[in-house]
Amino acid sequence: MEVKAFYWKGDHLLLLDQRDLPDKEVWLKLTDHFEVADAIRSMAVRGAPAIGCVAAYGFVLGIKKEKPEKVLAVLKNTRPTAYNLFWALNRMAKALKEGKDIEQEAINIEKEDYNANKRIGQIGSKFIKDGMRILTHCNTGALATAGWGTALGVIRSAHYSGKKIHVFVNETRPYMQGARLTAWELLKEGIPHTLITDMTAGFLMKKGLIDAIFVGADRITKKGDVANKIGTYTLSVLAKTHNIPFYVVAPTSTFDPSIKDQDEIPVEERSGDEIKSFKGCKFAPDDTPALHLAFDITPAENITAIITEEGVIHPKDL
Ligand code: MRU
């Protein structure tokens, strides 16, 4: 059964708190833009397309009480890397200026994302052959989007088209999106999978146990360079070494036309405490300094293809 990360209820947003998964399904009732901003910043909701959709609803709630510019500032100042956040909020601001029904605009953003994912699934599943062993990183499923998912959506589509596949799920340290969220989604849908530590991936590739890699994206440049969850770059290098196709899957709302060079992509740095402890359990000395980059950037030349709802891009041709 496909899961859903949020529901718009007209005067509030119901949000599945992803910090408690897979242990508990806790739903948060968000009634203003401050609560929505907190949910994005604290990663109660995460995944670039889901962040964009939720921010759009946050805008609808916010402008009931506050000037649009202030609402935009609060919502934009949450997580810097996922482009869908800025794409959705800029679209909402434009809709307001043009006198459009902004609640409908947010609903459209959600619907369009869901439809884009379904289309991406159809396009992308052509790259998955019967019997393939697929590696994925982070969570790119229904929880990370308006539904269905991007990279995980492609995997889901391949599974539903009857292909027998096996998914290796990187645990995705330190936030464990793979272990907590992707494994949870795959289990719910009965898609065969195995959880591995992030460091196991390279050795599986060497042993010939991975046929293809599918990951999502947080921001894509005009040249096809891709910001995604930390560890994606490492996987792309390993894929190149072992001659394994490396696919990035994302809706066109993740493409940032303004970025000229990959170094211009803002890479979120989160608290070092998040890598020294997990769910209250500390495992590193308190005083040890820690660097926690939430994303990395994979250069276009390491990517076999980028799969979008509008078709497939081969970064080498960009
Ligand atoms: O820090 P997160 O969990 O928001 O990071 C999510 C990712 O890196 C995903 O791969 C990306 O947002 C695409 S989700 C369809």
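Predicted model, so just to flag it, every value in this text is computed and none were measured. (Residues numbered from 1 in each chain as written. Predicted model: local features only at pLDDT ≥ 70, side-chain atom pairs only at ≥ 80, totals over all residues. Heavy atoms only, no water.)

1. Things to note about the packing of aromatic side chains
Under the defined criterion, the tally for this structure stands at six aromatic pairs. Ring centres of Tyr7 and Trp27 lie 5.6 Å apart, and the angle between their planes is 40 degrees; this geometry places the pair in the tilted category. One end of the pair, Tyr7, is in strand β1 (residues 6-8); the other, Trp27, is in strand β3 (residues 27-30), with 20 residues separating them in the sequence. One aromatic cluster is present, formed by Phe6, Trp8 and Tyr57 through successive ring pairs. In this structure, Lys118 packs its charged tip against the face of Trp148, placed 4.2 Å from the ring centre. (Phe/Tyr/Trp six-rings, centres within 6.5 Å; stacked < 30°, edge-to-face > 60°. Helix = DSSP H or I, 4+ residues; strand = E, 2+ residues; numbered from the N terminus. Lys NZ or Arg CZ within 6 Å of the ring centre and 35° of its normal.)

2. Notes on the domain arrangement of the protein chain
The domains assigned to the protein chain are domain 1 (6-116) and domain 2 (125-317). For domain 1 versus domain 2, the distance between C-alpha centres works out to 23 Å. Taken together, the contact between domain 1 and domain 2 spans 30 residues of the former and 34 residues of the latter. For the pair domain 1 and domain 2, the summed buried surface comes to about 2600 Å²; carbon and sulfur atoms form 54% of the total. Interface area lost by domain 1 to domain 2 is led by Arg46, Thr81 and Tyr83, which between them contribute 26%. Where domain 1 meets domain 2, there are three salt bridges. Its salt-bridge partner being Glu268, residue Arg79 comes within 2.9 Å of it at the nearest N-O pair. (Domains from an automatic or database assignment. Contact = heavy atoms within 4.5 Å. Buried area = accessible area lost by both parts, 1.4 Å probe. Salt bridge = Lys/Arg side-chain N within 4 Å of Asp/Glu carboxyl O.)

3. Brief notes about the site of the ligand
Taken together, 18 residues are adjacent to the ligand, and Arg79, Gln177, Asp218, Asn228 and Lys229 come closest. With respect to the ligand, the side chain of Asp218 contributes an N or O atom lying 2.8 Å from an oxygen atom. Taking Lys229, its side chain carries an N or O atom lying 2.7 Å from an oxygen atom of the ligand. Burial of the ligand by the surrounding chains reaches 100%, relative to a free accessible area of 420 Å². Taken together, the elements giving at least two residues each to the shell around the ligand come down to α2 (48-62) and β9 (226-229). Looking at the shell around the ligand residue by residue, the class counts come to seven nonpolar, seven polar and four charged. Per-domain counts for the shell around the ligand show at least three residues from each of domain 1 (6-116) and domain 2 (125-317). (Near = heavy atom within 4 Å. Polar contact = N/O pair within 3.5 Å; in protein donor to acceptor, adjacent residues only side chain to side chain. Areas by Shrake-Rupley, 256 points an atom, 1.4 Å probe, with all protein chains shown as cover. Nonpolar A, V, L, I, M, F, W, Y, C, P; charged D, E, K, R; others polar.)

4. A look at the sheet that holds β1
With antiparallel pairing, the three strands of this open sheet are ordered in space as β1-β2-β3. A single partner strand is all that each edge strand has here, and the edge strands are β1 and β3. In this sheet, adjacent strand axes meet at a mean angle of 15 degrees when their direction is disregarded. Bridge analysis of β1 against strand β2 (residues 13-16) gives three bridges, and the strand direction is antiparallel. Residue pairing across strands places Phe6 opposite Leu15, the latter belonging to β2. (Pairing = 2+ DSSP bridges. Axes fitted to C-alpha atoms, helices over the stretch in contact; angles between N-to-C directions.)

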